[in-house]
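Structural overview for review
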Amino acid sequence: MARGSSSGSGGSRTLLTSVAVALAMVPAVAGHMVPRPATFATHKVTTAAARSGRGLAGVVATVVASPTLLAADGDVVTVVVNCSTPHAADGVVAYSPSTVAPNATAPIDYFIVAQTDAGYLTTGTATLYFRAINMRADYVFYLMRNVPTAPSVVAASAPVAFANPNEARAARLIMTDRPDEMRVMWSSAEATPSTRAEWWPADAPAGDDVPRATAPAYTYTYDASDMCGPPATTVGYRDIGAIHTVVMTSLVPGRAYNYTVGDDSSMTTVRRFVVPPAAGTTASLNLVVYGDMGQLPADGSSSQQPFPPAPNTTRRVAAEVDAGWPAAVFHVGDISYAMGYAAIWGIFFAMQDAYALQARVPYQGVLANHASDFP
């Protein structure tokens, strides 16, 4: 069965082979779509007025971000800006961690203030809403002038932190070469003695006493020395934290399972997946296959490598998963368009997490040129 790129969840299906391939709506052929280039000129940021609230020929401004303590990944930060002489090229720029020099690393994302709050140029006051991704560190929000081509810091907020920097996030499923297994991966700040995955049959009786299989995670990470060159080793680098992986075993092909991952400080929402059928099964196997997607922050801000159509693909594939149609998703190249900017992977996973897409079906990725860390 095949589903065309223009069909919705109720589109027609035509028998092709015993394995059906669904082509989701995609921006272009994998490997050939070039996203909008990075436009935030990190190397040009001037910081003389950083945190002083006064600079740039006497401009007086304040930036107030609230709340200053966030409960969970994806919480909204309200940023209120007051500026004595507002300018059309003023931007509010989010950095993490708060201690990083803004001319030493790329920002997480940013808004052009006047484009987001139409009254800013008249009143000098604006309110913006950032959806903060738990990137295992706190945030600071700068008001900058001449964004994005020649940014200059005018004022800064107080730091905004997460209550649990080690929160488990971005659970994603990957098939192994065994039909009775499923690998789950997720991210957090660090491993603890209790970092683990738990899983159990979805059709088991409800209750806290349901027997659960559990396994400790294998954890790994990487740093700038593992990268090939700029920007991955310079302005694109940030501490990636810890990547955890567990292989869930003794699964029954075709059966549904629940699972959760994390540690004693934070276990994820319980997710459900269905183990793909074993080889030789006569039933057809439906797949979603696409390449080239990229990412876009959920709050409407601009990232270092934004690609506006990306959420459309995620939303449409998630609708197929909601309908129980595909057994797996194959993303065949050019996944996040990170191209050396590590924070882009955080934005990409947050976009997927909005629909728990990768947490509900195996998501098999293939790297291509726009996913590499070096040109």
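Each residue is numbered by its place in its chain's sequence as written, counting from 1. Restriction of local features to residues with pLDDT of at least 70 applies here, the model being predicted, together with a cutoff of 80 or more for giving and counting side-chain atom pairs; totals for whole chains, interfaces and linings are based on all residues. Excluded from the side-chain calculations are hydrogens and water; all other atoms, namely the structure's heavy atoms, are used.

A closer look at the sheet that holds strand E12 (residues 169–174)
- The antiparallel open sheet is built from four strands, whose spatial order is E12-E13-E17-E16. Two strands bound the open sheet, and with one partner strand each, they are E12 and strand E16 (218–220). Put simply, the sheet's adjacent strands are angled 20 degrees from each other on average, direction ignored.
- Summarising the sheet, E12 and strand E13 (residues 182–188) pair through four bridges and their orientation is antiparallel. Bridged to Arg172 within E13 is Met185. We treat two strands as partners when DSSP finds at least two bridges between them. Segments assigned H or I by DSSP are reported as helices when at least four residues long, segments assigned E as strands when at least two residues long, and all are numbered from the N terminus. Helix axes are fitted to C-alpha atoms over the stretch in contact, other axes to C-alpha atoms as well, and angles between N-to-C directions run from 0 to 180 degrees.

Some points on the confidence of the model for the protein
- For the protein, per-residue confidence averages 85 on the pLDDT scale, and 86% of positions sit at 70 or higher.
- Confidence per residue, as judged by the predictor, is encoded in pLDDT with a range of 0 to 100. By definition in these notes, contact holds between two residues if any of their heavy atoms fall within 4.5 Å. Across residues 1–38 the pLDDT falls below 50, and counting only partners more than four positions away or on other chains, this stretch makes 98 contacts in the model.
- Across residues 50–54, where pLDDT falls below 50, the model places 15 contacts with residues more than four positions away in sequence or in other chains.

Looking at the nonpolar core
- Take the buried residues of types Ala, Val, Leu, Ile, Met, Phe, Trp, Tyr and Cys, join any two whose side-chain atoms come within 4.5 Å, and each joined set is a nonpolar core. Exposure classes here rest on a 1.4 Å probe applied to the protein chains alone. A residue is buried below 20% of its type maximum, exposed above 50%, and partly exposed in between. Grouped together as the largest cluster of nonpolar side chains are 52 residues, with contacts concentrated most on Val77, Val79, Val92, Phe130, Tyr139, Phe141 and Leu143.
- Looking at this core element by element, the count peaks at seven residues for helix H4 (residues 343–353).

A short note on empty space enclosed by the protein
- Here a cavity is any set of points on a 1 Å grid over the protein atoms alone where a 1.4 Å probe fits but cannot get out, and a pocket is any open set with protein on both sides within 12 Å along at least 5 of 7 lines; a residue lines the site when it has an atom within 4 Å of a point. Grid points are joined across faces, edges and corners, and a volume is the space filled by probe spheres set on the points. Counting across every chain of the model gives three cavities of 30 Å³ or more.
- If you add up the space inside the second largest cavity, you get close to 40 Å³.
- Along the walls of the second largest cavity sit Ala94, Ile108, Asp109, Phe130, Arg131, Ala132, Ile133, Tyr139 and Phe141, which together make up its complete lining.
- For this classification, Asp, Glu, Lys and Arg are treated as charged, while Ala, Val, Leu, Ile, Met, Phe, Trp, Tyr, Cys and Pro are nonpolar and the rest, including Gly, are polar. Its residues assigned to classes, the lining of the second largest cavity comprises seven nonpolar, no polar and two charged.

Brief notes about the sheet that holds strand E6 (residues 91–95)
- Here we have four strands laid out as an open sheet, ordered E7-E6-E9-E10, and antiparallel in their pairing. The two strands at the open ends of the sheet, each matched to only one other strand, are strand E7 (109–112) and strand E10 (152–156). Going from strand to strand, the sheet's axes swing by 30 degrees on average, the running direction of each strand aside.
- Summarising the sheet, E6 and strand E9 (residues 140–145) pair through five bridges and their orientation is antiparallel. In the sheet register, Val93 faces E9, and the bridge partner there is Tyr142.

Remarks on helix H3 (residues 310–322)
- Taking 1.5 Å of rise per residue, the 13 residues of H3 would be expected to cover 18 Å, and the 19 Å separating its terminal C-alpha atoms lies within 8% of that figure.
- Restricting attention to buried positions, one finds in H3 the residues Ala310, Thr313, Thr314, Val317, Ala318, Glu320 and Val321. Down the axis of H3, the smallest arc covering the buried residues is 155 degrees, so these residues share one side.
- Elements that come into contact with the buried residues of H3 comprise strand E21 (285–290), strand E22 (328–332), H4 and helix H5 (357–360).
- Positive phi appears at Gly324, one or two residues downstream of H3, with a value of about 75 degrees. Given the number of residues in a helix, its expected span is that number minus one, multiplied by 1.5 Å. Throughout, the arc means that of the directions going from the helix axis to the C-beta atoms.

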